[in-house]
Amino acid sequence: MLTVKGLAKSFPTGEGAVRAVDGVSFSVAQGQCYALLGPSGCGKTTILRCVAGLDRGEQGSIAIGGRVVSDAGRFVPVHERSIGMVFQSYAIWPHLDVFDNVAYPLEVERPRVARAAIEQRVMDVLALVGMETMARRPATRLSGGQQQRVALARAIVRRPSLLLLDEPLSNLDARLRDSMRRELSTLIRQIGVTALFVTHDQVEALSLADRVAVLDQGRIVQEGAPADIYERPKTLFVARFLGGANVLAGCIEERDCQGRVRIALDGGGHRLTLVAEQRPGARVQVVLRPEDLTLSAFAPADDRNAISGRIAGLAFQGSNVEYEVDVGGALLRVLGRTHADLVLGTPVWIAIDMRRVAVFCGAGEPSAADGICRV
Amino acid sequence: MHKLDNLDLTAKLVLAVVTGAAIYLIAVPLAMLLFAAFRGPADYLPFEPGARWTLEHVQALFTDPVIYTRILPDTFIFVAGTVVVAFAIGFGLAWLVERTDLPAREIWFALILFPLLVPAPVLAIAWIFLMGPNAGWLNLAIRAALGLDGSGPINIFSMGGLILCQALASAPFIFLLLSATLRTMDPALEEASGASGASPLTTFGRVTLPVLLPGLLAPLILITLITAEQFELPLIIGLPAKINVFSYRIYFELNPLSSLPNYGAAAALSLPFVVLGVLLLMLYNRLIRRADSFVTMTGKGYRQRRLPLGAWRIPALALAALYVTLAAVLPAAVLLWTSFFGYALPLSATSADFSLEAYRQLFANRAFWLGLRNTFLVALASALIVTAIGGLLGWIISRSQIRFRHVLDFVSVLSIGIPAVIAGLGVMLLYLSLPIGLYGSVAILIIAYSYRFATTTRLARAGFLQIHKELEEASATSGARWLATLRRVLIPLMLPALSAGFILLFIVGVREFTIPLVLYSQDNVVLSVLLWQLFQSGQPAPSAALASIIVAVVLPVIFVARRTLARRTLAE
């Protein structure tokens, strides 16, 4: 449905041009929901705007539904592309009411769409997003969630081949975001439209998309199904970006014939034993997700899978508490149940589910720039 | 952001036409001016057969002693004096209306705008009726009160009189510029001073003024430039006082008492003026950009909390009333009275002095009806042209990435730096040289008026800044072409800003006196020029009647203007 090949675009800055998009290729199958995930400034919005035709890439090609809309010699202007777009600000026109906002794409369509057909289609799509009773409400009197629905209705009313969504939920408050995310997911699947959306929120990407591309500095660093990316991050960047993870530096002490390694963590004298590919002597970064860690006040039976520390901070979050545990030089974030005994300064043990620990090569610390440590 | 090759054909066409029109209306007359300055002999047009290249005009400019002994000093004193007085008045009024609990602020706001709305000759004539050395009302009153004889004590026909009148006329302009600045100042800054135990006066001196200082510099430069461009009062009040400023001198070269017009000398004299104007404008732009970044001005709508005047309320009211009396109430009264009673005075007049003869004469005058039609026709047409072109220029400058957009920005700002007398001269030279029969017509006035893009462009830019770019992009992603986006999204959203610009330009057009005077013919007379002619030919009552009619027409505009302009955008 959508094929992007070798897309590149740079922006001039004070110190020369910056490659905002640096040779990005991906394709989205018919009916698929595809997410571009990355931190701000990673180039994801620029890609979306190039697909829409609001920006023009310097290199590469874009094809929508088999039709090349942008390459070296060709550029189909935005209004001639079969797209619908939901903007980050929703861009609901304040001088028009809900109905007129949604009717607009049909009214500017050539050849003209009959008035009766316009009314029918607008009311249908308003019903779809649950706004049919507010058709004549002025745009200036809509809540955030309602604006989002209108923006979505306007984007899909002319049945585009491709639906583009630019940070569709970032303008909503946290509570509304959760319910709108579920609603959006249902809607996109219900109408079966091919969708491409960008977001910086990993929860949004993982829960909405069929496929996710993680971007960093204008390049796709990993692409795959959400579960796949979450379970098997290829790089430290992806692991960090997806999990809000703890990262500890260490080095491989030894390796047995079954592929298990013992890692000595920097600072605290703690050791972990787990399956990893790195050779003895290599500097590594160990990624521990907060939800894979279990806090207890006593040493577990198998202390090879546990490290000890002291509670250095805690933030009450209702049913859970986010603890910060000082494990000798490093602070680990651990999610746990509220526990009366665990107060500031309490010595604790953290049990680690070793199957879920990811290990990456690399220094991370300036002291071991060579990537090798003495055993 | 739109690059040129991303725009569709209609868009390119429209933008090309707009760009061409803007350059034609501003740059071509200026280019003619430049040519004329270096072509001679004196009474030849630059491209007339027999004309040749020459430096004589520029040489004359540097060697003519009159310029150094009279024109430069007179211009300098006039400008400096006017700026100081007008700034003091304008700032004081703006502070009282915007930052204090002065009673009836809305009424003051409307009344203060009066001098800005009526043509300057109306004011000049009214002030001559009030402050003429012999029969001026104020002089008669003062002499009666103090038992003096002879003439005076106030003599409007003096440098002091000219400065006072020009300052009264220009103060509302500063008032508007500064009231916007004062409105966006965080009131907490002043409240903190009050909470520290400072009196309103101390707060004003120790907090308000220093905080605003960077924001005051830019308006100061603008008013300096605009004062230097003034022509109407220097002609009507300054000339009898033998005060000789630059703008008048240019007019004089075109209309010498006893010889042929000297186009070359007028053009050469204009050049340093234009250069100075451009330099001041560049400084102004730079300062504006800096003032915008000044942290205390956020532009956010603060909930207005005003400084309580307390015991100062009475003096404050008296000051505001003094200005409004001198600048609006008395001028309107003296005009209306004179139109009915001629030279008879309010206290001694009898019903026998009352007469409608002045109006009868005026209505029987063909030139009055022609002038009425021309005034509105030209003001409307030029306001439409400039609003359309300026609005699209604003779009190009703020929304496109087209390479020449900075040039357009500069060209449009340039229009502030072109005095009306020079704009008139440039257009005159152009259409005297072009054999298309526009000279002397109403159309030439429409063209000549239509060079003031700066205000509309600025208003439009400010308007576009408030319209999220995605509102425009959403139209394109909905499948709309550029023209449909313009018509269905941009124009409706820009309507407030555009209509403010339109009203402003319409008022400027109705007020215009200098351009139609320079380009005057029997057929294209406008009311302001007719007023001056009547006054010059010694017909005080008909000229007062005409001035009264103009005021009556303009007064309703005040209320429209107050709502649309002042509150919204004027100071952009």
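Structure first, text after, so check above.
Residues numbered from 1 in each chain as written. Chains lettered and ligands numbered in written order. Predicted model: local features only at pLDDT ≥ 70, side-chain atom pairs only at ≥ 80, totals over all residues. Heavy atoms only, no water.

**A look at the packing of aromatic side chains**
Here is step 1: All chains considered together, the criterion is met by 20 aromatic pairs over all chains.
Here is step 2: Ring geometry for F237 of chain A and F241 of chain A: centres 5.8 Å apart, planes at 15 degrees, overall stacked. Residue F237 of chain A and its partner F241 of chain A are both found in helix α8 (residues 236–243); the two are separated by four residues, about one turn of the helix.
Here is step 3: Among the residues examined, F241 of chain A registers a relative accessible area of 17% and is labelled buried.
Here is step 4: Measuring from centroid to centroid gives 6.4 Å for Y248 of chain B and Y251 of chain B, while their planes differ by 45 degrees, and the two rings are tilted. Placement of both Y248 of chain B and Y251 of chain B in helix α12 (residues 246–254) is noted, with a separation of three residues, approximately one turn of the helix. By the burial criterion, Y248 of chain B is buried, and Y251 of chain B matches it.
Here is step 5: Above the ring of F75 of chain A, the side-chain terminus of R81 of chain A is found at 5.0 Å from the ring centroid.
Here is step 6: It is R289 of chain A that lies over the ring of Y230 of chain A; its NZ or CZ is 3.9 Å from the centre. (Phe/Tyr/Trp six-rings, centres within 6.5 Å; stacked < 30°, edge-to-face > 60°. Helix = DSSP H or I, 4+ residues; strand = E, 2+ residues; numbered from the N terminus. Buried < 20%, exposed > 50% of the residue type's maximum accessible area, 1.4 Å probe, protein only. Lys NZ or Arg CZ within 6 Å of the ring centre and 35° of its normal.)

**Brief notes about the pattern of salt bridges**
Here is step 1: Evaluation of the coordinates by the stated rule reveals 32 salt bridges over all chains.
Here is step 2: Note that E322 of chain A is salt-bridged to R333 of chain A, the shortest N-O span being 3.3 Å. Of this pair, E322 of chain A sits in strand β17 (residues 320–326) while R333 of chain A sits in strand β18 (residues 331–337), and the two are eleven residues apart along the sequence.
Here is step 3: Note that E473 of chain B and K469 of chain B form a salt bridge whose closest N and O atoms lie 4.0 Å from each other. Highlighted residues: E473 of chain B and K469 of chain B, both in helix α21 (residues 469–477), separated by four residues, approximately one helical turn.
Here is step 4: By relative accessible area, E473 of chain B is classed as buried at 6%.
Here is step 5: Looking at K469 of chain B, the relative accessible area reads 31%, which means it is partly exposed. (Salt bridge = Lys/Arg side-chain N within 4 Å of Asp/Glu carboxyl O.)

**Re the interface of chain B and chain A**
Think of interface size as the accessible area that goes away when the parts come together; that is how it is often given.
Here is step 1: In this assembly, 23 residues from chain B lie in contact with 26 residues from chain A.
Here is step 2: Contact between chain B and chain A buries roughly 2,100 Å² in total, counting both sides, with carbon and sulfur atoms accounting for 55%.
Here is step 3: Three residues, E470, T477 and R488 of chain B, lead the burial of chain B against chain A; their summed loss comes to 29% of the area buried on that side.
Here is step 4: Our count for the contact surface shared by chain B and chain A stands at three salt bridges.
Here is step 5: Between E107 of chain A and R488 of chain B there is a salt bridge; the shortest N-O distance is 2.4 Å.
Here is step 6: Of all elements in the fold, only α21 and α22 (482–511) of chain B reach the threshold of two or more residues within the side of chain B that touches chain A.
Here is step 7: It is α21 of chain B that provides the largest number of residues to the side of chain B that touches chain A, a total of eight residues.
Here is step 8: Tallied by class, residues from the side of chain B that touches chain A come to nine nonpolar, seven polar and seven charged. (Contact = heavy atoms within 4.5 Å. Buried area = accessible area lost by both parts, 1.4 Å probe. Nonpolar A, V, L, I, M, F, W, Y, C, P; charged D, E, K, R; others polar.)

**A word on a nonpolar patch on the surface**
Residues and elements named next belong to chain B.
Here is step 1: A surface patch of nonpolar side chains, about 380 Å² in accessible area, is lined by V275, L279, M282 and F410.
Here is step 2: Among the elements that make up the nonpolar patch, the one with the highest residue count is helix α13 (residues 263–292) (three residues).
Here is step 3: Along the chain, F410 turns up in helix α17 (residues 405–414). (Patch = residues over 30% accessible without salt bridge, like charges linked within 9 Å, V, L, I, M, F, W, Y side chains within 5 Å. Areas by Shrake-Rupley, 256 points an atom, 1.4 Å probe, with all protein chains shown as cover.)

**Quick look at the packing of helix α4 (residues 144–156) of chain A against helix α5 (residues 174–191) of chain A**
Residue and element names in this part refer to chain A.
Here is step 1: Viewed as axis vectors pointing N to C, α4 and α5 meet at an angle of 15 degrees, and their least axial separation amounts to 11 Å. With respect to each other, α4 and α5 are oriented roughly parallel. Crossing handedness for the pair α4 and α5: right-handed. For the pair formed by α4 and α5, the contact residues are G145, Q148, R149, L152 and I156 on the first element and L176, M180, E183, L184, L187 and I191 on the second. (Axes fitted to C-alpha atoms, helices over the stretch in contact; angles between N-to-C directions. Parallel < 35°, antiparallel > 145°, perpendicular 65-115°, else oblique. Left-handed = near helix turned anticlockwise from the far one by under 90°.)

**Structural notes on empty space enclosed by the protein**
Residues and elements named next belong to chain B.
Here is step 1: In the structure shown here, the tally under the stated rule is eight cavities of 30 Å³ or more.
Here is step 2: By volume, the largest cavity is sized at about 1,100 Å³.
Here is step 3: Surrounding the largest cavity, 43 residues form its lining, F173, I226, R452, V508 and R511 being those nearest its centre.
Here is step 4: Per element, the largest residue contribution to the lining of the largest cavity is six residues, and it comes from helix α8 (residues 159–183).
Here is step 5: Of the residues contributing to the lining of the largest cavity, the split by class is 30 nonpolar, six polar and seven charged. (1 Å grid on protein atoms, 1.4 Å probe; cavity = no way out; pocket = protein on both sides within 12 Å on 5 of 7 lines; lining within 4 Å. Points joined across faces, edges and corners; volume = space filled by probe spheres on them.)

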